[in-house]
Amino acid sequence: IIGQGVAYYLSVNLDDFTSPLNIFVPKRGKKIVLNPSKAFEQKSINMSGIFSIQQEFDVKYVLVPKSFARDLLDYKNELSAIEIGVAPDADISEVKDELQSLLGDNFVVKDRFEQHALLYKILKSEKWAVYLILTFILIIAIFNVIGSLTMLILDKKKDITILRSMGADTSLIRQIFLNEGLMITLTGAVSGVILGFLICMAQIQFGIVKLQGTGSFVIENYPVQIQFMDFIYVFL
């Protein structure tokens, strides 16, 4: 099974898998060979399909049976890597530390994040970029609230004068407008969080936003996960 990028560069016909794929690998232990044809191990294998995950993988990988790879690379029982699945509730860091202590320094133990560190760093930076953009939007919204409260104060000058004549001091008047500002912001924050939660639930249940190129991905809809702490951060 070959990656979509590999299929593109090799001009593989998607409808015809009868022609085998010829794979060449340098022979192990051969330093200098005058005849180039003897420097490579060559084997043929029939293709049965094409996979597409993301460009980084699609242009690099061809999936073959383990026996075929061992024969081609002249390996007996050796393995370059072993992938281990753990229980959903397992502590990944604890499992990793235990494996490392059992295997010693001759083996490198990596979790999923460390195996694809660059990809996850990009995703994390995108998340923080979204937070930053939303923060700027909220700052603009705060200035709008300040502007509306200022206009309200100017509009209510007569009422403020009446309140002063009835005995209200500056702190009480300030508290009135502060409470109104809090009511505006809290109403917006609460309603926004509730609306965001409903949109996320609708996406999870009904898959409103679809991924482009359906069939190339494991899932059809844009993935959404509701995390309680994200709602707290946005609200604050």
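These lines cover the structure that appears in this document, whether it is placed above or below. Going along each chain's sequence as written, the residues are numbered from 1 onward. In keeping with the model being predicted, local features are shown solely for residues with a pLDDT of at least 70 and side-chain atom pairs are shown and tallied solely at 80 or more, while totals for entire chains, interfaces and linings include all residues. Only hydrogens and water are set aside; all other atoms, that is, all heavy atoms of the structure, feed into the side-chain values.

### A look at the pattern of salt bridges
Between side chains of opposite charge, a pair can form when the charged atoms approach closely.
So, step 1. One side-chain nitrogen of Lys or Arg within 4 Å of one carboxyl oxygen of Asp or Glu is enough to make a salt bridge. Tallied over the full model, the rule gives 4 salt bridges.
So, step 2. Where Lys-43 meets Asp-71, a salt bridge forms, and the shortest distance between an N and an O atom there is 3.1 Å. One end of the pair, Lys-43, is in strand E3 (residues 40-45); the other, Asp-71, is in helix H3 (residues 66-73), and 28 residues separate them in sequence.
So, step 3. Exposure remark for Lys-43: the relative accessible area of 24% places this residue in the partly exposed category.
So, step 4. Across the pair Asp-74 and Lys-76 runs a salt bridge whose closest N-O atoms are separated by 3.5 Å.
So, step 5. The buried label applies to any residue whose accessible area, calculated with a 1.4 Å probe on protein chains only, is under 20% of its type's maximum; exposed applies above 50%, and partly exposed to all values in between. A residue is classified by how much of its surface remains accessible, and Asp-74, at 43% relative accessible area, is partly exposed. Strands here are runs of E lasting at least two residues and helices are runs of H or I lasting at least four, both read from the DSSP assignment and numbered beginning at the N terminus.

### Observations concerning the environment of Val-145
So, step 1. Within the secondary structure layout, Val-145 lies in helix H6 (residues 117-155).
So, step 2. Among the residues examined, Val-145 registers a relative accessible area of 18% and is labelled buried.
So, step 3. Spatially, the C-alpha atoms of Val-145 and Gln-55 are 45 Å apart, while their sequence positions differ by 90 residues.

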